[in-house]
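Coordinate analysis (summary)
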Amino acid sequence: MRLINIKPSRPLAVFLMLLPFAAVVVAYAIGSEIRLAANPSDKLLPAPSTVWDTAVRLITEADRRSGRILFWHDTWASLQRLALGIGISAFIGLVFGLAIGLLPLMRSFLAQFVAVLSMIPPLALLPILFIVFGLGELSKVVLIVVGTLPFLIRDLSQRVIEVPQEMIVKAQTLGASSWVIALRVALPQLMPRLILAVRLSLGPAWLFLIAAEAIASDLGLGYRIFLVRRYLAMDVILTYVIWITLLAFLIDWALRWLSRRFFPWAEEGL
Amino acid sequence: MSFVTVQNIFQTYGRRSIIERVNMEADEGEFVSIVGASGCGKSTFLRLLLAQERPTRGEIRIAGAEPAREPGLDRGIVFQRYSVFPHMTVRENIVAGESFRSPWGRFFGAARTEAQTRADETLTRIGLDHVADQYPATLSGGMQQRLAIGQALTAKPRVLLLDEPFGALDPGTRLSMHDFLQDLRAETGMTVFMVTHDLEEAFKLGDRVLVFDKPRWDPHDPNLYGATITYDFDARDGGIPFQTIKEDTHVLHPA
Ligand SMILES: Nc1ncnc2c1ncn2[C@@H]1O[C@H](COP(=O)(O)OP(=O)(O)OP(=O)(O)O)[C@@H](O)[C@H]1O
Ligand SMILES: [Mg+2]
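All values derive from a computational prediction rather than experimental measurement.

Thresholds, definitions, all that
Residue positions are given per chain, counting from 1 as you read along its sequence in written order. Chains carry letters from A onward and ligands carry numbers from 1 onward, assigned in written order. Selection of residues for local features in this predicted model requires a pLDDT of at least 70, selection of side-chain atom pairs for listing and counting requires 80 or more, and totals for whole chains, interfaces and linings are taken over all residues. As a rule here, side-chain values cover all heavy atoms of the structure and leave hydrogens and water aside. What pLDDT expresses is the predictor's confidence in each residue, scored from 0 to 100. Under the DSSP-based scheme used, a helix requires at least four consecutive residues in state H or I and a strand at least two consecutive residues in state E, with every element numbered from the N terminus. Residues belong to one nonpolar core when they are buried, are Ala, Val, Leu, Ile, Met, Phe, Trp, Tyr or Cys, and are joined through side-chain atoms within 4.5 Å. Here's how the labels work: a residue is buried when its accessible area is under 20% of the maximum for its type, exposed when over 50%, partly exposed in between, all with a 1.4 Å probe on protein chains only. Contact between two residues is taken to exist if any of their heavy atoms lie within 4.5 Å; hydrogens are not considered. Following DSSP output, two strands are said to pair if at least two bridges run between them. Here a polar contact means two N or O atoms within 3.5 Å. Within protein one must be a hydrogen donor candidate and the other an acceptor candidate, and residues neighboring in sequence count only if both atoms are side-chain atoms. For each residue, the test is whether any non-hydrogen atom lies within 4 Å of the molecule or strand; if one does, the residue is near. UniProt positions are given in the numbering used here, feature names are shortened, and annotations may be inferred rather than shown by experiment. Fitting a line to C-alpha atoms yields each axis, with helices limited to the stretch in contact; the angle taken between N-to-C directions then spans 0 to 180 degrees.

Regarding the confidence of the model for chain A
Residues with a pLDDT of 70 or more make up 99% of chain A, whose mean pLDDT is 92. Here helix α5 (residues 122-133) of chain A stands out as the element of chain A with the lowest mean pLDDT, 90, in contrast to helix α3 (residues 70-102) of chain A, whose mean of 95 is the highest.

Thoughts on the nonpolar core
Counting residues in each nonpolar core, the largest one holds 60 residues, and the members touching the most others are A:L102, A:W206, B:F85 and B:F100. Elements represented by at least two residues in this core include exactly α3, α5, α6 (137-162), α7 (165-173), α8 (178-215), α9 (221-228) and α10 (234-262) of chain A. Looking at this core, the element that brings in the most residues is α8(A), giving 17 residues. With residues up to four places along the chain from it excluded, the contact list for B:F85 reads A:M167, A:K170, A:A171, A:L174, A:V185, B:N93, B:F100, B:P136 and B:Q151. With 33 residues, the next largest nonpolar core counts B:L139, B:L147, B:A152 and B:F180 among its residues.

Some words on the pairing of strand β3 (residues 31-36) of chain B
Along a regular strand, successive side chains alternate from one face of the sheet to the other. Residue and element names in this part refer to chain B. Among the six residues that make up β3, six are buried, leaving the element largely enclosed by the rest of the structure. The alternating pattern of β3 places F31, S33 and V35 and V32, I34 and G36 on opposite faces, both of which are buried. Summarising the sheet, β3 and strand β7 (residues 191-195) pair through four bridges and their orientation is parallel. Along β7, the bridge assignment pairs S33 with M194. As judged from the five bridges shared by β3 and strand β8 (residues 208-213), these two strands associate in the parallel manner. Within β8, the position partnered with S33 by the bridge is V209.

Here we look at the environment of A:E162
Residues and elements named next belong to chain A. Within the element layout of this structure, E162 appears in helix α6. Owing to a relative accessible area of 45%, E162 belongs among the partly exposed residues under this scheme. Among the polar contacts made by the side chain of E162, one reaches the side chain of R159 at a distance of 3.0 Å.

Comments concerning the site of ligand 1
Residues and elements named next belong to chain B. Taken together, 14 residues are adjacent to ligand 1, and R16, S38, K42, S43 and T44 come closest. The side chain of T44 places a nitrogen or oxygen atom 2.5 Å from an oxygen atom of ligand 1. In this structure, R47 approaches ligand 1 through a side-chain N or O atom, which is 3.1 Å from a nitrogen atom. Those elements that provide at least two residues to the shell around ligand 1 are β2 (16-26) and α1 (42-50).

Description of the UniProt feature "domain: ABC transmembrane type-1" (unreviewed entry) in chain A
According to UniProt, the "domain: ABC transmembrane type-1" (unreviewed entry) feature falls on residues 75-255 of chain A. Structurally, residues 75-255 of chain A comprises 87% helix and 0% strand, and the distance from its first C-alpha atom to its last is 19 Å.

Section: the sheet that holds β2(B)
Pairing between the strands of a sheet comes from backbone hydrogen bonds, and it takes one of two forms, parallel or antiparallel. Residues and elements named next belong to chain B. The strand order β2-β1-β4 describes an open sheet built from three strands, whose pairing is antiparallel. Of all the strands in the sheet, just β2 and β4 (57-62) have a single pairing partner and so form its edges. Each neighbouring strand pair of the sheet contributes to a mean axis angle of 20°, computed without reference to strand direction. Note: strand β1 (residues 4-13) against β4, five bridges, orientation antiparallel. Bridging across to β4, V4 finds its partner in I62.

Structure below.
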């Protein structure tokens, strides 16, 4: 039988899915074992049990100085920035995506401009953002917006253009104005695409968030990682990295659920 | 004055001539079938009738009005695909036929309930009442086309344009769609233009059958000349012409 036609059975599929995760954990455990055997005070690859103990301590014990559990405060601060940044970006992206996709005038006016804007490396703008918006929350949120917005606008306007011309014409024969076509034909068909585009933007959004927090902040997941880096606290860094990964995965999963729940007519993707 | 007047229409894309010198008139309530080889410009002609595009030369008038500049309520269309809105349920698709012309594209309160009641009546008539709450993607091809026709008719257009509406259907479904269309037409008496590749269908449904073809052909440059109407058959009375006596002849004939 050809390889392309061999499909795994359900148990095999689950096994295959878990395999790379298990492989990484085992490889880490072995590597850590070897290094600790050579030098018990090695800090680079702390034993899995050490990481676990650290994680439990971080999650449950309050900081001695401030009396707060910093882990949760960091998480909350970061998630707030992320949600605000992505939310603003998604809203502006939706409006401009609709306008550029539906209106030839707006397309001539803005499409090339957005294409050029999207070529600017957002991190190169970070110093400017810090100068203009200060070191507070605003510059971090703006960085996320600047970093994800051009992609969102380009992707969403492309999706609007891909709405079959037949449907747009059909709506016109039913007497719909441009506004009604945007509101009742293009927008609903765009919503699942918006969720997909946001899912794809979350990776870059985390990148920009952590970069901004690393440089100027006093709270946040990225800030904490770069702070403890000075003490080579690998156990703390690993805990935070795993936590960020888990958060990102959960957000992605929730968005996919949202899309399936509210837009059942849209075909399913990954 | 005829209802639809097509005057010396030319359409070229770049330097490709698609249709040229098309002249025709149709009376109100007439059913015009259009046939022709693939790629000869039938859909283009329909787009011009719809005012989705404007002709390079010539003009099309409906009911004597100025040539339309964009598609509107007076012309309805059913394409072969993508004619219904995938994000609306079957019922919402029918309601859209009435509500899209309102400022927000939807009805609120009592108007909404009334429109839904009317939509349910329409659905019963076109035999889709049992799937009113489903999305179009879950319907068969024939049901989707019935929905598309029902939706187009809800807007009460004066001219209905059909572009191979039954092209993708099996012969059985096609026959029942013919009955469906003939019933609707008898009820509404509207003017219909239908493009089809099925000659039998063209003659069965149409009062007239127009044939599009290229009368001139340059072997060195096939794009030089466009297609035009080469035949205009009378398709009433089963395609046998001169069955209705127009003059008052004083000859006794069966009533
Ligand atoms: N917007 C356009 N720009 C350039 N060429 C076009 C455009 N629309 C149609 N054509 C060309 O015009 C010709 C006629 O197309 P049209 O769709 O009208 O043919 P048709 O008779 O409907 O064919 P079919 O029976 O296959 O549907 C085709 O060769 C097509 O490539
Ligand atoms: Mg065609």
